Amino acid sequence: MSTLLRWVGWSVMVVVALGVVACGALPGASEPAQRPLAAPLVWPKPPVTERIRFVQCVSGPEDWQITRTWLQRLFDTLSGQGKVLFERPGAVIERASVLVVADPGAQAVWILDAPQNRYLRLARVGQWGLLSPVALALGPGQSFYLADTVLKRVFQIDRDGSLLRTISTQGMERPSGLAWDDARHRLYVLDSKRERISVFDGNGALLQHLGESGANPAQFNHPTHLALDGGATGGNLLVTDAMNFRIQSFEATGKFLWTFGQNGNGSGDLAAPKGVASDSDENIYVADALFDAVQIFNRQGRLLLAFGESGAQPGQFAMPRGLFISSEHKIYVADAYNKRVQIFLDAAAPRVQGKDGVK
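The structure displayed is predicted, hence computed values, not measured ones.

Rules used throughout
- Residues numbered from 1 in each chain as written.
- Predicted model: local features only at pLDDT ≥ 70, side-chain atom pairs only at ≥ 80, totals over all residues.
- Heavy atoms only, no water.
- Helix = DSSP H or I, 4+ residues; strand = E, 2+ residues; numbered from the N terminus.
- Buried < 20%, exposed > 50% of the residue type's maximum accessible area, 1.4 Å probe, protein only.
- Contact = heavy atoms within 4.5 Å.
- Areas by Shrake-Rupley, 256 points an atom, 1.4 Å probe, with all protein chains shown as cover.
- Core = buried A, V, L, I, M, F, W, Y, C linked by side-chain atoms within 4.5 Å.
- Pairing = 2+ DSSP bridges.
- Axes fitted to C-alpha atoms, helices over the stretch in contact; angles between N-to-C directions.
- Polar contact = N/O pair within 3.5 Å; in protein donor to acceptor, adjacent residues only side chain to side chain.
- Salt bridge = Lys/Arg side-chain N within 4 Å of Asp/Glu carboxyl O.
- Phe/Tyr/Trp six-rings, centres within 6.5 Å; stacked < 30°, edge-to-face > 60°.
- Lys NZ or Arg CZ within 6 Å of the ring centre and 35° of its normal.

1. Digging into the overall build of the chain
When its secondary structure is counted, the chain shows two helices and 31 strands. Across the 359 residues of the chain, 47% fall into the buried class. Long-range pairs, those at least 24 residues apart, make up 46% of the contacts in the chain between residues at least 6 apart in sequence. If you sum the accessible surface of the chain, you get close to 16,900 Å²; carbon and sulfur atoms cover 52% of it.

Here it is, written out as structure tokens:
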């Protein structure tokens, strides 16, 4: 009799849960959905020619078109699990519709694999539990590199979340920026505490250090982010030299090339520069966590455009940090305290004319 009662009780729960699923009241469904924009969100504003266009916000796997079966959603409902969301994303990369997000707030890295309709939330890599994963870089093949500042290690991870290689040296103190040069098979690791760049070969062997502490060219004061230059001079390095309030560029050998930036609170100044990237037109993008904006400069440091402002709506930021520009000219911004990644399209990207206008 007790078995029959348990079976009946379970059946009732399933029926109720299926009714919940059918009505769309899944975990997170009570949260207000993002309202569709009445008009495309672009910068600068019309009638000036469009330069940047907002595409979407990604707060978790569902926003990356990763679906769950009704059975998985039923389990979530019965177990009381809520919607899976980022907590404080700090870095982002993308390749072939695989979005990777370093989330120090969750002490994890997310792999959102749209082609395989799956996501992985890695809280452990090999034998190490992640503590402060803050930096990412595309690696060889389908792998990527991840830096954890507290563990003082850099990990090479494959698309399936498996550990391929661990890079650590006795001298590495706070790895906060990464760049992989596929042509030269060189990994560059920015150490914000040691105020230098460490160069490794493809096997993880240390080759040399670049830079030192100071305020002169090729010197750093708490550098925070690193990127490979995506312009015609590909292979050069871009460094956010945060407390010197400037961007510096170097050849792969460490030869200083140029710098721009100054401390201030006006347009074109740098207050809290974080993420840095460049587009195919050799423009430099800098995320500023104090301005809650992304500023675009030419290589002489002239401000070309800024987009974003403080807030939680699309196109607004709360302490943006990581920047990444894909081969498809999409600009990914880790909007840390809005718990999301925002995606924009730059003017170099081809536009598709649809019934609702240019996309």
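Back to the write-up after that little detour.
2. Looking at the nonpolar core
Soluble globular proteins tend to bury their nonpolar side chains together. Among the nonpolar cores identified, the biggest contains 31 residues, and Leu136 and Phe144 are the most heavily contacted of them. Broken down by secondary-structure element, the contributors of at least two residues to this core are strand 3 (91–95), strand 4 (98–103), strand 5 (108–113), strand 10 (144–148), strand 11 (153–157), strand 28 (330–335) and strand 29 (340–346). Looking at this core, the element that brings in the most residues is strand 4, giving five residues. Excluding anything up to four places from it in sequence, Leu136 contacts Ala91, Val92, Ile93, Val100, Val101, Ala102, Val109, Phe144, Tyr145, Leu146 and Leu178.

3. Quick look at the sheet that holds strand 21 (residues 246–250)
The strand order across the open sheet formed by four strands is 19-20-21-22, and the pairing between neighbours is antiparallel. Edge positions in the open sheet fall to strand 19 (223–228) and strand 22 (256–260), since each of these has one partner strand only. Direction aside, neighbouring strands of the sheet carry axes that sit 20° apart on average. Here five bridges tie strand 20 (residues 237–241) to strand 21, and the two strands are oriented antiparallel to one another. When the sheet's bridge partners are listed, Leu237 is paired in strand 21 with Phe250.

4. With respect to the side chain of Asn298
Along the chain, Asn298 falls in the loop between strand 25 (293–297) and strand 26 (303–307). On the basis of relative accessible area, Asn298 is assigned to the buried category, the value being 14%. At 3.0 Å, the side chain of Asn298 and the backbone nitrogen of Gln300 are in polar contact. Within the structure, the side chain of Asn298 is placed 2.8 Å from the backbone nitrogen of Arg302, a separation counted as a polar contact. Contact partners of Asn298, with chain neighbours within four places excluded, come to Phe260, Asn283 and Leu304.

5. Observations concerning the sheet that holds strand 26
Strand order in the open sheet made by the four strands is 23-24-25-26, with antiparallel pairing throughout. Unpaired on one side and paired on the other, strand 23 (273–278) and strand 26 mark the two borders of the sheet. Strand after strand, the sheet turns through a mean of 20° between neighbouring axes, direction not considered.

6. Re the pattern of salt bridges
The tally for this structure, following the rule as stated, stands at 11 salt bridges. Between Arg51 and Asp279 there is a salt bridge whose closest N-O contact spans 3.1 Å. Note that Arg51 is positioned in the loop between strand 1 (42–43) and strand 2 (52–58) and Asp279 in the loop between strand 23 and strand 24 (284–288), a separation of 228 residues in sequence. For Arg246, the salt bridge goes to Asp241, with nearest N and O atoms at 2.7 Å. Taking the relative accessible area as the measure of exposure, Asp241 reaches 0% and is therefore buried.

7. Quick notes on the packing of aromatic side chains
Per the stated rule, a full pass over the model turns up 15 aromatic pairs. Summarising the aromatic geometry, the rings of Phe220 and Phe250 are spaced 5.7 Å apart at their centres and angled 65° between planes, so their arrangement reads as edge-to-face. A residue pair is termed long-range when its members are at least 10 positions apart, and Phe220 in strand 18 (residues 219–220) and Phe250 in strand 21 qualify at 30 residues. You'll find Phe220 and Phe250 in the same group, each marked buried. One aromatic cluster is present, built from ring pairs that chain together Trp43, Phe54, Phe307, Phe317 and Phe344. Over the ring of Trp43 we find Lys45, and its NZ or CZ is 5.0 Å from the ring centre.

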